[in-house]
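Below, each chain spelled out in residue letters.
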There are 2 protein chains.
Amino acid sequence: MPYLKMQPVEMESVDCRIMTSALDLFVERGFHNVSVHDVQRRANVSIGSIYNHFGSKEGLAKSLYYHLVKEFEEMVEDIIDEDLSIRERCNQLIWQLLEYTETRRNIVAFMLHAKHREFLPDEPPVCSAAPFKAMRNIVQQGMATGEIRDGDPWVVASTVFGGAIRLIHLRLDGVINQPITLYYDELVDCTWLGISPTMDSVLREQAV
Amino acid sequence: MPYLKMQPVEMESVDCRIMTSALDLFVERGFHNVSVHDVQRRANVSIGSIYNHFGSKEGLAKSLYYHLVKEFEEMVEDIIDEDLSIRERCNQLIWQLLEYTETRRNIVAFMLHAKHREFLPDEPPVCSAAPFKAMRNIVQQGMATGEIRDGDPWVVASTVFGGAIRLIHLRLDGVINQPITLYYDELVDCTWLGISPTMDSVLREQAV
DNA sequence: GTCTATACGCTGATAGAC
DNA sequence: GTCTATCAGCGTATAGAC
């Protein structure tokens, strides 16, 4: 059952069936452990069809990759377009990342887990793609407005999203067995307030 | 030039040359884009030799993997054996991770970046290997002694090390162009105190 | 545009001399 | 234990009918 967001066109296009099958197989076994025959079989099309549509196995992977980056980018854009504080934006992003991991596991797995350089040698790394740049942008805005601690953009951005991404990896690897959306509140607390318990006491004292 | 830590034995053993060559090639091109012939050529041995020592390409990868996990584990054990507070232990670990990334790039890349499941299907994910368990253990101890904010172990551990691991990935991907050891101090601050600037002000106010 | 049958290169692995 | 020569199978890609 294809579940990729498709452009206006028909939902059941051959392209979509092929890409969906490819995505699932690539995530299950890894790009190099999937033959074009495998994709062909799962998508219920002929090999000729695949080569007609995508030119090569690499071409198929590339199309799929672009498609997913775009979908991801739109998600980020949607959040940016909402009228939110920087902090709320970051949290919203973290939430969506966790939620995507649960509801569209393979998309996240392909974006975050797959080592594209191995089969798309000319592609820059994912983290330099548009959506990731947008994420870092948000962080920098936050530093400018004073909503986020000032410092090196890389360090701060890594701290903001590093915890979430780490949780996602653990979940994808099957080390964590429950939906990570359950961890959202606690994760956000840890990230913004830090893991040092002294800060807690400071706050508590203040509250008293 | 082989740079793997070798057991007591001679530093220039054939095993070591083969494993070092394999490590470099695997990291450069990915396991599946490296043929046994490639390894053989770089290590200046014959194919027969490789099959004699390791039985198969997968056997070579497995030996290499075990070797590196062990080396990593020893690093963690060394830190645990030192007489340090939990917090210092965590920081020491973070430092070592950053430093390893700079001085033994390929080892870290192979451990953190490589998707072992693709070529070692029966291997559990890296993050469930001994050294990672030890890292989570330290965090749990910290929660027990009150040195670390109490909470779900996964979330807290991900927050403690997530930032560092994220930085390492960015560095390995070539997105960050300077040694990440430079970021150590700031990273540790962000992690323990959180990225919320309000905490800073709280502290500052307190200090006044 | 879709299909089947086929070609051809590469790579993991072995045999057997030294 | 080390080497070279060789095999067998798989997997990408194409040719050509429909």
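Structure: above.
Residues numbered from 1 in each chain as written. Chains lettered and ligands numbered in written order. Predicted model: local features only at pLDDT ≥ 70, side-chain atom pairs only at ≥ 80, totals over all residues. Heavy atoms only, no water.

*Asks:* Before we move on, could you go through the overall build of chain A and cite the residues and values that matter?
*Replies:* The number of helices and strands found in chain A is 11 helices and zero strands. Reading the helices (α) and strands (β) of chain A from amino to carboxyl end gives α-α-α-α-α-α-α-α-α-α-α. Overall, chain A is about 70 × 35 × 30 Å in size when its C-alpha atoms are taken along their principal axes. Evaluated residue by residue, chain A yields a buried proportion of 55% over its 208 residues. Taking all contacts inside chain A whose residues are at least 6 apart in sequence as the whole, residues at least 24 apart take part in 61%. (Helix = DSSP H or I, 4+ residues; strand = E, 2+ residues; numbered from the N terminus. Buried < 20%, exposed > 50% of the residue type's maximum accessible area, 1.4 Å probe, protein only. Contact = heavy atoms within 4.5 Å.)

*Asks:* Break down the protein's contact with DNA strand C for me, with residues and values.
*Replies:* Near DNA strand C, the surroundings consist of 15 residues, among which Ser46 and Asn52 of chain A together with Val36, Tyr51 and Lys57 of chain B are the closest. Taking the atoms of DNA strand C that fall within 4 Å of the protein, sugar and phosphate contribute 65% of them. Interatomic distance of 2.7 Å between a side-chain N/O atom of serine 46 of chain A and a phosphate oxygen of DNA strand C. Tyrosine 51 of chain B is positioned such that a nitrogen or oxygen atom in its side chain is 3.4 Å from a phosphate oxygen of DNA strand C. Looking at the surface near DNA strand C, the elements that each hand over two or more residues are α3 (47-54) of chain A together with α3 (47-54) of chain B. Looking at the surface near DNA strand C element by element, the count peaks at five residues for α3 of chain A. Of the residues contributing to the surface near DNA strand C, the split by class is seven nonpolar, seven polar and one charged. (Near = heavy atom within 4 Å. Polar contact = N/O pair within 3.5 Å; in protein donor to acceptor, adjacent residues only side chain to side chain. Nonpolar A, V, L, I, M, F, W, Y, C, P; charged D, E, K, R; others polar.)

*Asks:* If you had to explain the interface of chain A and chain B to someone new, which residues and values would you point to?
*Replies:* Taken together, the contact pairs 53 residues of chain A with 53 residues of chain B. Summed over the shared surface of chain A and chain B, the number is zero salt bridges. Here chain A is connected to chain B by 14 residue pairs in polar contact (both at pLDDT 80 or more). In terms of residue count, helix α9 (residues 153-172) of chain A provides more of the side of chain A that touches chain B than any other element does, 12 residues in total. When its residues are assigned to classes, the side of chain A that touches chain B shows 25 nonpolar, 14 polar and 14 charged. (Salt bridge = Lys/Arg side-chain N within 4 Å of Asp/Glu carboxyl O.)

*Asks:* Outline helix α1 (residues 14-29) of chain A, listing residues and values.
*Replies:* Residue and element names in this part refer to chain A. Given a rise of 1.5 Å per residue, 16 residues ought to cover 22 Å, and the 22 Å separating the end C-alpha atoms of α1 matches this to within 8%. What α1 keeps buried is the set Cys16, Ile18, Met19, Thr20, Ser21, Ala22, Leu23, Asp24, Leu25, Phe26 and Val27. As for α1, its buried residues are in contact with α2 (36-43), α3, α4 (57-81) and α6 (105-113). Just downstream of α1, glycine 30 is the residue with a positive phi angle, here 90°. (Expected span 1.5 Å × (residues − 1).)

*Asks:* Go over the protein's contact with DNA strand D, please, and point to the residues and values.
*Replies:* If you check the shell around DNA strand D, you find 16 residues, and the closest are Val36, His37 and Lys57 of chain A together with Ser46 and Asn52 of chain B. Within 4 Å of the protein, the contacting atoms of DNA strand D are 61% sugar and phosphate, with bases supplying the remainder. Interatomic distance of 2.8 Å between a backbone N/O atom of serine 46 of chain B and a phosphate oxygen of DNA strand D. Contact distances for DNA strand D include 3.3 Å between a sugar or linking oxygen and a side-chain N or O atom of serine 49 of chain B. Elements that contribute at least two residues to the surface near DNA strand D include exactly α2 and α3 of chain A together with α3 of chain B. A total of five residues in the surface near DNA strand D trace back to one element, the largest contributor, which is α3 of chain B.

*Asks:* Give a description of the packing of aromatic side chains that names residues and reports values.
*Replies:* Residue and element names in this part refer to chain B. If you walk through the whole model with that rule in mind, you get 14 aromatic pairs over all chains. Summarising the aromatic geometry, the rings of phenylalanine 72 and phenylalanine 132 are spaced 5.6 Å apart at their centres and angled 55° between planes, so their arrangement reads as tilted. Here the residue phenylalanine 72 occupies a position in helix α4 (residues 57-81), and phenylalanine 132 occupies one in helix α7 (residues 130-145), the gap between them amounting to 60 residues. By the burial criterion, phenylalanine 72 is buried, and phenylalanine 132 matches it. Ring centres of tryptophan 95 and tyrosine 184 lie 5.3 Å apart, and the angle between their planes is 85°; on these two criteria the pair is classed as edge-to-face. Here tryptophan 95, found in helix α5 (residues 86-103), pairs with tyrosine 184, found in helix α9 (residues 184-193); they are 89 residues apart in sequence, far enough to count as distant. Relative accessible area serves as the criterion here: at 29%, tryptophan 95 is assigned to the partly exposed category. Residue tyrosine 184 is classed as buried on the basis of its relative accessible area of 17%. (Phe/Tyr/Trp six-rings, centres within 6.5 Å; stacked < 30°, edge-to-face > 60°.)

*Asks:* Outline the packing of α4 of chain A against helix α8 (residues 130-145) of chain A, supporting the account with residue identities and numerical values.
*Replies:* When two helices pack together, their arrangement is captured by the angle between the axes and the distance separating the axes. Residue and element names in this part refer to chain A. Where α4 contacts α8, the axes come no closer than 8 Å and their chain directions differ by 25°. Taken as axis vectors, α4 and α8 run roughly parallel relative to one another. In contact with Val69, Phe72, Glu73, Val76 and Ile80 of α4, α8 contributes Ala130, Pro131, Phe132, Ala134, Met135 and Ile138. Tallied by class, residues from the contact of α4 with α8 come to 10 nonpolar, no polar and one charged. (Axes fitted to C-alpha atoms, helices over the stretch in contact; angles between N-to-C directions. Parallel < 35°, antiparallel > 145°, perpendicular 65-115°, else oblique.)

*Asks:* I'd like a description of the relation of the copies chain A and chain B, backed by residues and values.
*Replies:* It takes a turn of 180° to lay chain A on chain B, together with a shift of 0.0 Å along the axis; the resulting RMSD is 0.0 Å. Expressed as an axis order, the relation between the two copies is that of a two-fold axis. For chain A, the minimum C-alpha distance to the rotation axis belongs to glycine 194 of chain A and amounts to 1.7 Å. A symmetric contact is evident, with 100% of the interface residues of chain A recurring at the interface of chain B. (Least-squares fit on C-alpha atoms with pLDDT ≥ 70 in both.)

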